[in-house]
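This is what each chain is made of:
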Amino acid sequence: MTTAFHLLQDPRKNKGTAFTKEERDKHGLNGLLPNVIETLDTQVLRATAQVDEFEKPINKYIYLMQLLEINETLFFKTVMSNPAKYLPLVYTPTVGEACEAFGHIMRSPRGLYISIKDKHRIKEILQNWYDKDVRFAVVTDGERILGLGDLGVCGMGIPIGKLCLYTTCAGVPPELTLPITLDVGTNNKKFLDDPLYPGLRQRRVGGQEYDDFVFEFVHAIKEVFPKICIQWEDFRGDEAIEIMHKYDDVLCSFNDDIEGTAAVATGGLLAACHYSGKALTDQKFLFLGAGAAATGIANLLALKMQLIGASKEEAFSRFFMFDINGLLTTNRKDLQDFQLPFAKDLEDNRNFADAIMQIKPTAIIGVSTVGGAFNEQVVSNMAQLNERPIIFPYSNPTSHAECSAEQAITWTKGKCIFASGSPFAPVNYKGKTFVPGQGNNVYIFPAMGLAIYATEAKKVTDKMFIVAAEALATQVTREHFEKGLIYPPINTILEVSVNIAIRIADEIFDSNLAGVPRPSNLEQFIRSKMYQPMYK
Ligand code: NAI
């Protein structure tokens, strides 16, 4: 029999003051709670008031994470009541600060921590998890957390936050999700010297030992949770690309930093092209940063261009990249394989503002982690060359954004089409209010999760990301675009995700990748699978 203690301590079963009189009598809860019997809505009012009491976002974050540990239903009901308010607290930008302080603010660790010391017993550790039917694991090794670098085991804030968004933004049932950190050490000196660092106190393991560890993990998780889909998250760029390809055929997996980012950027650009009247194949893209995110976005855009008729050569001729050592040219000897398709037969150039005048792009996309890199000269050059320059400072968190919304709007005299990785407040320019759009992956991965879970998809393909991007773009109205938005308002995220998930699911059935028969009514089927934050 479930005891009163277990009911009050289990975040999934706990209803707090909402336990009914019958439940209180049945489980011996009388006296353990105040006499009042409240509704979930009243509890949301209290939780909201308590969040609002805190001034600093990090304290709001700590409160919300504790609420999740106490009462899961109340947490999701609260967060889902106002996604625009809570998403920046549960995820970026606050989660960046939370990860940096993870060892200090940690209350009750959530998720699974698998250390390199546990190799050869990973299966046993996975079997320790409370739930036996896990469908989504967000997995990180903490090496490149947002734009913040190596945070080791403290990167766990990211899988926890992302999985909260699967539920908040697309209704993926929380009991099917599992945050995992692979602890292979850290090269972060500050953490290694910090007595409160909660991970392995050693430098990162690399090479064959690392590869063997990931290999064992992948095969163990597939065995323990056969329907698992892994979202690889915040691995170092080259590592991320290698892992993404290596295990593609072993289990259903994707890399959100690469494929999710690519789809959200593509969705925004498709909307921008539609409303600005310039075809995708007529755009010329210059990326600042040539890592996982940049090449992921460019590869997906190139695929989309080919699907609408461009040849591969034509498509790739539209992409230029600039990294820490300057423009990617065929003269460069330091390029990695995944960067080679973007190297151009051009003069070397180490000045980004000059490169703009040399290449004459219609769009600049910042995925460099270098805050302020889109300076006034850079942005003015874009405005000089284009009627509607596309300016996307995508680096996270806010302190690493290549420019702010206000800077882009002011320096282009209100002409730019803008989206950023981190959120910016509305900008008033010469009497007109611009609402900056956030190219947040949250428009893609929760919907992808919902579609994969509902259809029990066996694989994640590029085409599924293209379809997701298209479905996202079609939900941007002219009214949104006129306000400056190239993404739908974040408060509509649940409906946006459902619409995207339906399109992805359709694609999954069309490509024979589903593990269940095609239902007669896809929308009804998808909706029937969604989590509702309510007491049972
Ligand atoms: P990465 O480490 O793979 O690539 C970073 C790239 O930036 C490298 O090519 C590096 O050479 C270049 N770079 C570094 N310093 C530079 C400098 N001073 N000048 C020019 N280039 C420089 O990292 P990844 O995964 O590509 O992520 C990059 C950024 O994009 C991060 O800040 C991340 O938070 C952000 N991002 C944003 C997303 C979104 O908002 N939707 C999604 C994914 C990533």
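These numbers were taken from a predicted model, which means no experiment stands behind them.

About the criteria used
Residues numbered from 1 in each chain as written. Predicted model: local features only at pLDDT ≥ 70, side-chain atom pairs only at ≥ 80, totals over all residues. Heavy atoms only, no water. Helix = DSSP H or I, 4+ residues; strand = E, 2+ residues; numbered from the N terminus. Rg over C-alpha atoms; globule rule 2.2 N^0.38 Å. Buried < 20%, exposed > 50% of the residue type's maximum accessible area, 1.4 Å probe, protein only. Pairing = 2+ DSSP bridges. Polar contact = N/O pair within 3.5 Å; in protein donor to acceptor, adjacent residues only side chain to side chain. Contact = heavy atoms within 4.5 Å. Near = heavy atom within 4 Å. Areas by Shrake-Rupley, 256 points an atom, 1.4 Å probe, with all protein chains shown as cover. Domains from an automatic or database assignment. Expected span 1.5 Å × (residues − 1). Axes fitted to C-alpha atoms, helices over the stretch in contact; angles between N-to-C directions. Parallel < 35°, antiparallel > 145°, perpendicular 65-115°, else oblique. Nonpolar A, V, L, I, M, F, W, Y, C, P; charged D, E, K, R; others polar. Left-handed = near helix turned anticlockwise from the far one by under 90°.

K.L.:
Break down the overall build of the protein for me, citing the residues and quoting the values.
P.N.:
Of the regular secondary structure elements, the protein holds 24 helices and 14 strands. A compact globule built from 536 residues would reach a C-alpha radius of gyration of about 24 Å, and the protein, at 23 Å, matches this within 12%. The principal-axis extent of the C-alpha atoms belonging to the protein is close to 75 × 55 × 55 Å. Buried residues in the protein amount to 60% of all 536 residues.

K.L.:
How would you explain the sheet that holds strand E9 (residues 363-366) if you had to name every residue and give the values?
P.N.:
Consider a sheet: its strands pair through backbone hydrogen bonds, and that pairing is either parallel or antiparallel. Strand order in the open sheet formed by seven strands is E8-E7-E6-E9-E10-E11-E14, with mixed pairing between adjacent strands. Both outer strands of the open sheet, strand E8 (326-327) and strand E14 (437-438), are each paired with one neighbouring strand and no more. Two elements, strand E11 (residues 417-420) and E14, share two bridges in a ladder whose sense is parallel. The residue of E14 that forms the bridge with Ala419 is Gly437.

K.L.:
An account of the side chain of Asn349 is needed here, citing residue identities and associated values.
P.N.:
As for its position among the elements, Asn349 is in the loop between E8 and helix H17 (352-359). Classification of Asn349 as buried rests on a relative accessible area of 12%. Looking at Asn349, its side chain comes within polar contact range of the side chain of Gln358, at 2.9 Å. The residues touching Asn349, leaving out its near neighbours within four places in the chain, are Phe322, Gly326, Leu327, Asp354, Ala355 and Gln358.

K.L.:
Outline the site of the ligand, supporting the account with residue identities and numerical values.
P.N.:
Looking at the ligand, there are 24 residues lining it, with Arg144, Thr261, Ala290, Ala293 and Asn441 nearest. Between an oxygen atom of the ligand and a main-chain N or O atom of Ala290, the distance comes to 2.9 Å. Between the ligand and Ala293 there is a distance of 2.8 Å, counted from an oxygen atom to a backbone nitrogen or oxygen. Here the ligand, which alone exposes 860 Å², has 84% of that area covered by the protein.

K.L.:
Describe the pairing of strand E7 (residues 319-323), and please don't skip the residues or the numbers.
P.N.:
Extensive coverage of E7 is indicated by the burial of five of its five residues. Judged by which residues are buried, E7 turns out to be covered on both faces: Phe319, Met321 and Asp323 on one side and Phe320 and Phe322 on the other are all buried. Counting the residues in the hairpin turn of E7 and E8 gives two residues.

K.L.:
Help me get a handle on the domain arrangement of the protein, residues and values and all.
P.N.:
Domains assigned within the protein are domain 1 (4-90), domain 2 (94-250) and domain 3 (259-441). Computed from C-alpha coordinates alone, the two centres of domain 1 and domain 3 are separated by 42 Å.

K.L.:
Before we move on, can you summarise helix H15 (residues 292-307) with the specific residues and values?
P.N.:
With 16 residues, H15 ought to run about 22 Å at 1.5 Å a step, and its terminal C-alpha atoms sit 23 Å apart, in line with that. Buried residues dominate H15, accounting for 12 of its 16 residues. Remark: Gly309 follows H15 within two positions and exhibits a positive phi of approximately 115°.

K.L.:
Tell me about the packing of H15 against helix H21 (residues 462-473), residues and numbers included.
P.N.:
Running from N to C, H15 and H21 point in directions that differ by 80°, and their axes come no closer than 10 Å. One way to sum up the angle between H15 and H21 is to call them roughly perpendicular. Facing H15, whose interface residues are Leu300, Leu303, Lys304 and Leu307, H21 presents Asp462, Lys463, Phe465, Ile466 and Glu470. When grouped by side-chain class, the residues that make up the contact of H15 with H21 number five nonpolar, no polar and four charged.

K.L.:
Lay out the packing of H21 against helix H23 (residues 493-510) with the relevant residues and their values.
P.N.:
Between H21 and H23, the shortest axis-to-axis distance is 9 Å and the interhelical angle comes to 145°. Crossing hand, H21 versus H23: right-handed. Here Lys463, Met464, Val467, Ala468, Glu470, Ala471 and Leu472 of H21 come into contact with H23, specifically with Val496, Ile500, Arg503, Ile504, Glu507 and Ile508. Tallied by class, the residues present in the contact of H21 with H23 amount to nine nonpolar, no polar and four charged.

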